[in-house]
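# Observations on the three-dimensional arrangement
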Amino acid sequence: MKGRIPSIILLTVLLMITGCTNSTGQQSRIAEKRSKPLVYASIYPMYDFAKNIGGDRIDLRMVVPVGAEPHDWEPTAKLIVALEEADVFIYNGVGMEPWADNLIASLNGNGPLVVEASKGIQLLKHGNIGNSQHNHGHVSVGYDPHVWLDPTRAEKQAENIMHALIKADGGNEAFYKLNFQEFTGKLRNLDSLYSETLSRLDKREIVVTHAAFGYLADRYGLEQISVSGLNPQEEPSAAQLAALTDLLREKRIGYIFFETLTNPKLATVLADEVGAKTEVLNPIGGLTRQQLDEGLDYISVMQQNLETLERVLGQ
Amino acid sequence: MNAERLISISNLDFQYGKDLVLTNINLDIHEGDYIGIVGPNGSGKSTLVKLILGILKPSGGCIELFGKDIKDFNDWERIGYVRQKATSFNPGFPATVEEVVGANLYSGRSTPKPGTKKARERVNEVLSIVNMEKFGKRLIGNLSGGQQQRVFIARALINSPQILFLDEPTVGIDADSQRDFYQLLEIFNQEMRITIVMVSHDIGVITQKVGRIVCMGDGKLLCHPNSSRSEISSMLKKVYGNTMDLLIHDH
Amino acid sequence: MMEFLQYGFMQRALMAGVIIGILCPMIGIFLVLRRMSMIGNSLSHVALSGVAAGMVSGIYPLAMALAFSVAAALGIELLRKKYSEYAELAMAVILSAGLGIAVVLISYAKSINVDLFGYLFGNIVTVRSGDMMLIAVLGSLIIAFVGLNYRELFYITFDEEGARIAGIPVKRVNLLFTVLIAMTITLSMRIVGALLVSSLMVIPVATGIQLAKSFKQATLLSVVAAEVAAVSGIIASYYLELASGGTIVLLSVALLMLVLGVKSLLRNI
């Protein structure tokens, strides 16, 4: 037994050394081979913005899989390993991706260039009927993470992303800047379309399943009433649901906006209760496979949302 | 033998897994019999009773109850069964004596429908036979072992069975209660003409009480109801050893 | 005080609560006295995996839960007969398998957590009209079956071997009863939650047995104890904004403690 112990230690040390050199060697080899920077975007809006700017000169991947609700998604171990090999990691921040903080901390400065797209943007505190006491999934409690739903703030996010891409891949600076300008144009068009359309409407209340539309409401002077909180996981209690029922009856609101990725059970209960119609307003946190196949993207879904708002609030 | 043959067992085998528990059992039980089945632990006495009651299925041979093959037999109310007290129920069970006794009215065709006034009268009737009529509303778990055993006898009697099986009925019961108990059985057998088959390892008492003895050892029938006393005596000696000598001679 | 009754979802919650307040102890008393309390726990975990399967496949989760738990109940009954020595083990295996399937399905479909939480801990606000119909119809069926087979169930519970000798079709009654356990669990899950269903089958029964002077009384008192806990639990969970399942179960535990306390006080006087 005694004789074996040193040899085991020796073996372990050897394995560690070879293991280390192996992985670093691999990493550099992959980096050399790659012609395009490997960019990971946490959720769909980040993916969409990066795609608009990076075009076909980046190898772009989305972390939260298509069709998953982004608030309650957790990364698999395999993905974390893959992320370490990336050049750029873009995330929204403000607690939208609770897993991202742990991930970034575990990178220890190695690995990709990390971009928090919401950095430098004026954030909104979340104040809403009843549902602010539980904020399970969100790290920075109290701030609304759904920054991208205001086109002007989305522009800032896109700008942050552009800078990161330039930093990671300076050779394509002109290309990224040109794309950014083109995308900015689209966002500004969208913004003026929203301002114009919504200013014509009398009704201002939007009843939504989860409080994702704070920035949209802020930008265009709407009033958001949500069934659950910032995170669709926060369920209202029966008493809160009763208060919402009273509010909707009082304000004579005949519609409730659903979203595509969360379970609408509670909103359905509420709609049944007050006899309201249901409509779809997409917070674009993630798109379904079908929506992507139809060629929908951030801009077109925002336009769809506007059409829905116009139809419902204009009645 | 002119009495009616109630139970007829021929060439009965029973196998449990690979073990042959009973081999080639042949036994007839007639109306009015008072039979004690004795034998050491593991000799197959209880297994034999369970086969007769249809709880276990035989591996070979044939059992006839009241002239019918056991597979076609349906008149289970003609057979009463009293089990060893200790294992038969959960002592915390919240049931009254009346509920326990009345439960057995389930299948009786000739007996009153459960829940009726007649049924309640019948329950009181059998309770008074076993001198338990004052305990009808008491919880079964609050009675002494001897009292519980009398309740179970009352339960077995409620459908007026023609034959009563008792499996180690005196285990866990004090000596006085045991004496009362044997007196009751004698009344059943002599006055009510109920055929009684009792399994017991308590040879000393049983050989004094019962009319006939069936002795079992190692899954075989060693002597029959018709064996002479000396045959039985020597058989018992063979099975249990010499200590048995005293008990038999005592008689 | 009762202004919550103006809301349809609260009316449904209360009605469902009243029905499961009858079902759970009525099934539970036979389980407790047969020392089979464990089966409720196993089946509720399987029902949970059914809910998860329903959510993943888009089939009505309660129907899926019903199918899963009934299948598991039949499986347990089969195992219980074949390997009676390992009955406890069989239930533990089925519990683990149920929970395992549930967890795997949940991790497979990322976005079903919201509703699943309700199935785990009970949620009074999500009793839909369809759920209510299911609870009412199947609930009446269960109550009718137990009512009609009360004597048989009592006999089997008191003395299974004796029941068989008395000519009761023990196998058939046991099989049907096991299916009823699965149904009761599935129906109660909306209000009490999968984790606590078996508690509502056991604790009110324990209270009832403490006070009862007969089996009939034990059944009635168990139902009373469960109703008190269910109705006051639902009302409390509305006003105090608590999870309904936990509130109901804690109230039924409090009731049991109260009964035990008063009983021991009276004994000491």
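Keep in mind it's a predicted model, so treat the numbers as computed, not measured. Residue positions are given per chain, counting from 1 as you read along its sequence in written order. Chains carry letters and ligands carry numbers; both start at the beginning, A for chains and 1 for ligands, and go up in the order they are written. Two thresholds apply to this predicted model, a pLDDT of at least 70 for residue-level local features and 80 or more for giving and counting side-chain atom pairs, whereas whole-chain, interface and lining totals are computed over all residues. As a convention, hydrogens and water are excluded, and side-chain values are obtained from all of the structure's heavy atoms.

Take the overall build of chain C next. Strands here are runs of E lasting at least two residues and helices are runs of H or I lasting at least four, both read from the DSSP assignment and numbered beginning at the N terminus. Looking only at helices and strands, one finds 12 helices and zero strands in chain C. In chain C, the succession of α and β elements from N to C terminus is α-α-α-α-α-α-α-α-α-α-α-α. A compact globule built from 269 residues should have a C-alpha radius of gyration of about 18 Å, and chain C, at 18 Å, falls within 12% of that. For chain C, the spread of C-alpha atoms along the three principal axes comes to 50 × 50 × 30 Å. A 1.4 Å probe rolled over the protein chains alone gives each residue an accessible area, and that area as a share of the maximum for its type sets the label: buried under 20%, exposed over 50%, partly exposed in between. Residues counted as buried form 59% of the 269 residues belonging to chain C. Two residues qualify as a contact provided that any one of their heavy atoms is within 4.5 Å of a heavy atom in the partner residue. The contacts in chain C between residues at least 6 apart in sequence include a share of 77% that link residues at least 24 apart. As defined in this context, the radius of gyration uses C-alpha atoms, and a globule is described by 2.2 Å times the residue total to the power 0.38.

When helices and strands are tallied, chain A shows 11 helices and eight strands. Here chain A holds 315 residues, and 52% of them are scored as buried.

Taken together, the contacts link 27 residues of chain B with 24 residues of chain C. Summed over both partners, the accessible area (1.4 Å probe) lost when two parts come together is defined as the buried area. Surface buried jointly by chain B and chain C totals about 2,300 Å² across both partners, of which 62% is contributed by carbon and sulfur atoms. By definition, a salt bridge exists where a carboxyl oxygen of Asp or Glu is found within 4 Å of a side-chain nitrogen of Lys or Arg. Between the two partners, chain B and chain C, sit three salt bridges. Between Arg83 of chain B and Asp159 of chain C there is a salt bridge whose closest N-O contact spans 2.4 Å. Think of a polar contact as two N or O atoms within 3.5 Å of one another; within protein, one of them needs to be a possible hydrogen donor and the other a possible acceptor, and neighboring residues in sequence only count if both atoms come from side chains. Counting every contact that joins chain B to chain C gives seven residue pairs in polar contact (both at pLDDT 80 or more). Only α3 (97-103) and α5 (145-157) of chain B provide two or more residues apiece to the side of chain B that touches chain C.

All names here are of chain A. DSSP bridges decide pairing: two strands pair if at least two such bridges lie between them. The strand order β2-β1-β3-β4 describes an open sheet built from four strands, whose pairing is parallel. Strands at the two margins of the open sheet, each flanked by one partner only, are β2 (59-62) and β4 (113-116). Here the strands of the sheet are splayed against their neighbours by 20° on average, with no regard to which way each runs. Pairing of strand β1 (residues 38-41) with strand β3 (residues 88-91) involves three bridges; the strand directions are parallel. Paired with Ala41 across the bridge in β3 is Ile90. Across the sheet, helix α4 (residues 98-107) touches β3 and β4, and the angle it forms with β3 is around 155°. Helix axes are fitted only over the stretch in contact, all axes being lines through C-alpha atoms; the angle between N-to-C directions runs from 0 to 180 degrees. Contacting β1, β3 and β4, helix α5 (residues 151-168) runs over the sheet at an angle of about 170° to β4.

A few words on the side chain of Gln157 of chain A. Residues and elements named next belong to chain A. On the secondary structure map, Gln157 appears in helix α5. With relative accessibility at 0%, the residue Gln157 sits in the buried group. Apart from the residues within four sequence positions on either side, Gln157 is in contact with Met46, Phe49, Asn92, Ala117, Ser118, Ile121, Val147 and Trp148.

Attention shifts here to helix α11 (residues 215-239) of chain C. Take the residue count of a helix, subtract one, and multiply by 1.5 Å to get its expected span. In this model α11 of chain C runs 36 Å from its N-terminal to its C-terminal C-alpha over 25 residues, within 8% of the 36 Å that 1.5 Å per residue would give. Among the residues trailing α11 of chain C, Glu241 of chain C stands out with phi positive, at a value near 55°.

Another aspect to go through is the pattern of salt bridges. Residues and elements named next belong to chain B. Tallied over the full model, the rule gives 26 salt bridges over all chains. Its salt-bridge partner being Glu98, residue Lys137 comes within 3.1 Å of it at the nearest N-O pair. Separated by 39 residues along the polypeptide, Lys137 in the loop between α4 (117-129) and α5 and Glu98 in helix α3 bring together distant segments of the chain. Note on Lys137: relative accessible area 65%, which makes it exposed.

If you trace the backbone, Ser44 of chain C turns up in helix α2 (residues 37-57). Apart from the residues within four sequence positions on either side, Ser44 of chain C is in contact with Ile185, Met189, Ala194 and Val197 of chain C.

What follows deals with the nonpolar core. Most often, soluble globular proteins keep nonpolar side chains buried together rather than apart. The biggest cluster of nonpolar side chains holds 225 residues, and the ones touching the most others in it are Tyr298 of chain A together with Phe188 of chain B. Here Tyr298 of chain A is in contact with Tyr44, Asp48, Phe49, Trp148, Leu149, Asp150, Pro151, Ala154, Leu187, Leu190 and Ile284 of chain A, once residues within four sequence places are set aside. In terms of nonpolar packing, the next biggest core, distinct from the first, is built from 33 residues, Phe14, Leu51, Ile63 and Val214 of chain B among them. In these notes, a set of buried Ala, Val, Leu, Ile, Met, Phe, Trp, Tyr and Cys residues joined through side-chain atoms within 4.5 Å is what counts as a nonpolar core.

Residues and elements named next belong to chain B. Read across the sheet, four strands follow the order β2-β1-β4-β5 without closing on themselves; strand pairing throughout is antiparallel. Unpaired on one side and paired on the other, β2 (19-30) and β5 (68-69) mark the two borders of the sheet. Where helix α1 (residues 45-52) meets the sheet, it contacts β1 (5-16), β2 and β4 (60-65), and its direction lies at approximately 120° from that of β1.

Moving on: the confidence of the model for chain C. Confidence of the predictor at the level of single residues is given by pLDDT, which spans 0 to 100. Across chain C, the average pLDDT comes to 88, with 97% of residues at or above 70. Two summary scores accompany this predicted model of the complex, namely pTM at 0.78 and ipTM at 0.83.

The next subject is the environment of Leu281 of chain A. Residue and element names in this part refer to chain A. Its location among the elements puts Leu281 in the loop between β8 (277-280) and α10 (289-293). Taking the C-alpha atoms as reference, Leu281 lies 33 Å from Ala82; in sequence the two are 199 residues apart. Excluding anything up to four places from it in sequence, Leu281 contacts Val208, Phe213, Phe257, Phe258, Glu259, Asn305, Thr308 and Leu309.

We now examine the environment of Phe258 of chain A. Residue and element names in this part refer to chain A. As for its placement among the helices and strands, Phe258 is situated in strand β7 (residues 255-258). Judged by its relative accessible area of 11%, Phe258 is buried. Expressed as a C-alpha distance, the spacing of Phe258 and Thr278, which sit 20 residues apart in the sequence, is 6.6 Å.

Since the α-helix advances by 3.6 residues per turn, residues separated by three or four positions end up pointing in the same direction. Helix length check: helix α1 (residues 8-33) of chain C (26 residues) gives 38 Å between terminal C-alpha atoms against 38 Å at 1.5 Å per residue, within 8%. Counted residue by residue, α1 of chain C has 22 buried out of 26 residues, so it is predominantly covered.

Unusually for a residue other than glycine, Val94 of chain A sits at a positive phi of about 60°. Looking at the element boundaries, Val94 of chain A is found in the loop between β3 and α4.

Before going further, it helps to spend a moment on the environment of Ala182 of chain C. All names here are of chain C. Position of Ala182 among the secondary structure elements: in helix α9 (residues 170-192). With 87 residues separating them in the primary sequence, Ala182 and Ile269 have C-alpha atoms 44 Å apart. Those residues in contact with Ala182 that sit more than four places away from it in its chain are Leu43, Ser69, Val70 and Ala73.

Right, let's talk about a nonpolar patch on the surface for a bit. Taken together, the side chains of Leu79, Tyr83, Tyr86, Leu89 and Val93 of chain C define a hydrophobic patch exposed on the protein surface, amounting to about 490 Å² of accessible area. Along the polypeptide, Tyr83 of chain C turns up in the loop between α3 (61-82) and α4 (87-108). Every patch collects residues that have over 30% relative accessible area and no salt bridge, joining them within 9 Å if they carry like charges and within 5 Å if they are nonpolar side chains (Val, Leu, Ile, Met, Phe, Trp, Tyr). Per-residue accessibility takes into account occlusion by the displayed protein chains alone, with areas from the Shrake-Rupley method and a 1.4 Å probe.

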